[in-house]
Amino acid sequence: MMAKRTMTLNLTDAEMRVLDELSIRKDITKTAVLRQALRLYQTIDARVEKGEKLLFENEATKEKAELMLL
Amino acid sequence: MTVDVSPIYLLDAATGESVEAELRDAIEQAQLDDWQTRWQPALLAVLQNLARKGVPMSQWPQSWHWNWAEKTARVRGLLAFQGFCVVAQGETQGLAQVDLTKSSREPGQVGKPLVYLDYLEVAPWNRPELGAAPRLRGVGSALITAAVTLSVEEGFKGRLGLHSLPQADAFYRKIGMTDLGQDSTYQSLRYFEMTVEQARAFLEEE
């Protein structure tokens with residue numbers, strides 16, 4: 001297993017609440033939530049940098065919406 | 001990058017004796033060189049033989065067109081992807097690549113993160129379905145074990161998902177994964193998932 005480093009994170013109450021909720025809903029630790037967020041953010045950023053768009057599609061209506069990343 | 005190397009044992013199919021091997025948590029240039037200079041010629045010989053015998057392409061090994069150099073280049077530097085390989089007797093015996101951004105579909109664990117096994121391929125000389133007697137056994141299982149273990153280490157509790165090539169469907173059923181049927185959004189391949197309980201049972205057996 002890869003060696004890991006420890007850091008202190010300063011979050012607002014609202015951010016901590018979201019982290020708690022995601023941790024429970026996804027059945028993973030808070031650290032795992034943040035690691036997932038980092039992986040997804042890096043993956044999306046790399047694809048957007050290559051000129052791709054991030055789209056969400058409603059399965060029922062087939063309506064597509066683009067998520068703007070600034 | 002530091003590569004984690006774990007000792008594992010495979011089985012020599014001819015003698016039944018165990019063979020020392022390494023499970024490495026990366027696919028490096030040495031593996032791509034082996035794929036290019038050893039796997040490809042062996043696979044080409046198999047395909048030429050199948051073509052000579054008039055075997056239709058639909059029955060050829062379904063991963064024959066996989067290009068590991070391209071697969072690894074596409075995800076280089078991305079945290080969401082990880083490679084594994086098995087090395088024994090001085091050459092690469094198996095390769096796998098996983099994606100950590102996918103979520104479960106199985107009703108009991110839907111939406112929860114899992115390790116998705118994007119690609120798994122065993123060296124042509126270890127694959128009994130290619131006609132000749134395999135040299136080493138246990139390479140595929142070692143790579144599946146690595147993916148399940150990663151799922152546990154990442155806090156995903158062993159959850160694993162994959163789309164199976166038809167020739168491997170029976171193997172994934174045999175190791176206890178749930179068959180969620182054909183996926184019309186993914187080349188109509190069957191989608192299999194390993195639940196937390198199935199992962200526990202699988203790791204206990206390994």
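Treat the numbers as computed from the prediction; the structure is a model and nothing was measured. (Residues numbered from 1 in each chain as written. Chains lettered and ligands numbered in written order. Predicted model: local features only at pLDDT ≥ 70, side-chain atom pairs only at ≥ 80, totals over all residues.)

### Considering the overall build of chain A
Our working rule: By definition, any uninterrupted DSSP run of H or I lasting at least four residues is a helix, any uninterrupted run of E lasting at least two residues is a strand, and each is numbered from the N terminus. Every radius of gyration here is taken over C-alpha atoms, with the globule rule written as 2.2 Å times N^0.38, N being the number of residues. Counts of 20 or more other C-beta atoms within 10 Å of a residue's own C-beta define buried residues, counts of 12 or fewer define exposed ones, and intermediate counts define partly exposed ones; C-beta atoms are placed from the backbone.
Helix and strand counts for chain A stand at 2 helices and 2 strands. In chain A, the succession of α and β elements from N to C terminus is α-α-β-β. Relative to a compact globule of 70 residues, whose C-alpha radius of gyration would be 11 Å, chain A shows 16 Å and is clearly more extended. Projected onto its principal axes, the C-alpha coordinates of chain A cover approximately 40 × 30 × 25 Å. In chain A, which comprises 70 residues, the proportion classed as buried is 4%.

### What to know about the confidence of the model for chain B
Operational definition: As a per-residue measure, pLDDT tells how confident the predictor is, with possible values from 0 to 100.
Overall, the prediction assigns chain B a mean pLDDT of 94, with 100% of residues at 70 or greater. Confidence estimates for the predicted assembly give a pTM of 0.93 and an ipTM of 0.87.

### With respect to helix α1 (residues 29-52) of chain B
Residue and element names in this part refer to chain B. We count it as follows: Multiplying one less than the number of residues by 1.5 Å gives the expected span of a helix. Bend is computed residue by residue as the angle between axes fitted to the seven residues ending at the residue and the seven residues starting at it. A pair of residues counts as a contact when their C-beta atoms, built from backbone coordinates, are within 7 Å of each other.
Taking 1.5 Å per residue, 24 residues should reach 34 Å; α1 reaches 33 Å between its end C-alpha atoms and fits that length. The sharpest bend along α1 reaches about 35 degrees and sits at tryptophan 39, with the proline proline 41 one to four residues further on. What α1 keeps buried is the set Gln31, Asp34, Trp35, Trp39, Leu43 and Val46. Here the buried face of α1 lies against α2 (68-74), β3 (81-88) and β4 (91-99).

### As for the interface of chain A and chain B
Interface extent is often summarised as the accessible area lost during association of the parts. Which entries qualify depends on this criterion: For this classification, Asp, Glu, Lys and Arg are treated as charged, while Ala, Val, Leu, Ile, Met, Phe, Trp, Tyr, Cys and Pro are nonpolar and the rest, including Gly, are polar.
In this assembly, 14 residues from chain A lie in contact with 12 residues from chain B. Element by element, the count of residues in the side of chain A that touches chain B is highest for helix α2 (residues 30-49) of chain A, at 8 residues. Its residues placed into classes, the side of chain A that touches chain B shows 7 nonpolar, 4 polar and 3 charged.

### Here we look at the sheet that holds β3(B)
All names here are of chain B. Note the following rule: Whether two strands pair depends on DSSP finding at least two bridges between them. Every angle, taken between N-to-C directions, lies between 0 and 180 degrees, and every axis is a line fitted to C-alpha atoms, over only the stretch in contact when it is a helix.
Within the open sheet, the 9 strands sit side by side as β6-β1-β2-β3-β4-β5-β7-β9-β8. Their pairing is mixed. Two strands in the sheet have a free side with no partner beyond their single neighbour: β6 (136-137) and β8 (178-182). Against the sheet, α1 touches β3 and β4, its axis set at about 120 degrees to β4.

### Considerations on the nonpolar core
All names here are of chain B. Going by this rule: Each nonpolar core comprises buried Ala, Val, Leu, Ile, Met, Phe, Trp, Tyr and Cys residues, the members being joined through C-beta atoms within 7 Å.
Ala96, Val115, Leu117, Leu143, Ala147 and Leu160 are the most contacted members of the largest nonpolar core, which has 47 residues in total. Of the residues forming this core, the biggest block, 7 residues, is contributed by helix α3 (residues 139-153). Those residues within four positions of leucine 143 in sequence are excluded, and the remaining contacts are Phe84, Val86, Gly94, Ala96 and Leu120.

### Some words on the pairing of strand β5 (residues 115-122) of chain B
Residue and element names in this part refer to chain B. The element β5 is extensively covered by neighbouring structure, given that 6 of its 8 residues are classed as buried. Note: β4 against β5, 6 bridges, orientation antiparallel. By the bridge assignment for β5, alanine 96 is matched with leucine 120. Where β5 and strand β7 (residues 160-164) come together, 3 bridges link them in parallel fashion. Directly across from valine 115, in β7, lies its bridge partner leucine 160.

### A few points about the pairing of strand β2 (residues 64-67) of chain A
One face of the sheet, then the other: side chains in a regular strand alternate in exactly this way. In this sheet, β2(A) lies alongside strand β1 (residues 54-57) of chain A in antiparallel orientation, the contact comprising 4 bridges. Among the inter-strand pairings, A:Phe56 is bridged to a residue of β2(A), identified as A:Ala65.

### Side note on the environment of A:Glu66
One can find A:Glu66 in strand β2. What A:Glu66 contacts, discounting residues up to four positions off in sequence, is A:Lys53, A:Leu54 and A:Leu55.

### Notes on the environment of A:Ile28
Its place among the elements puts A:Ile28 in the loop between α1 (13-26) and α2. The exposure class assigned to A:Ile28 is buried, which follows from the 21 C-beta atoms found within 10 Å. A sequence separation of 21 residues divides A:Ile28 from A:Glu49, and the C-alpha atoms of the two residues are 30 Å apart. What A:Ile28 contacts, discounting residues up to four positions off in sequence, is A:Ser23, A:Val33, B:Pro113, B:Gly155 and B:Phe156.

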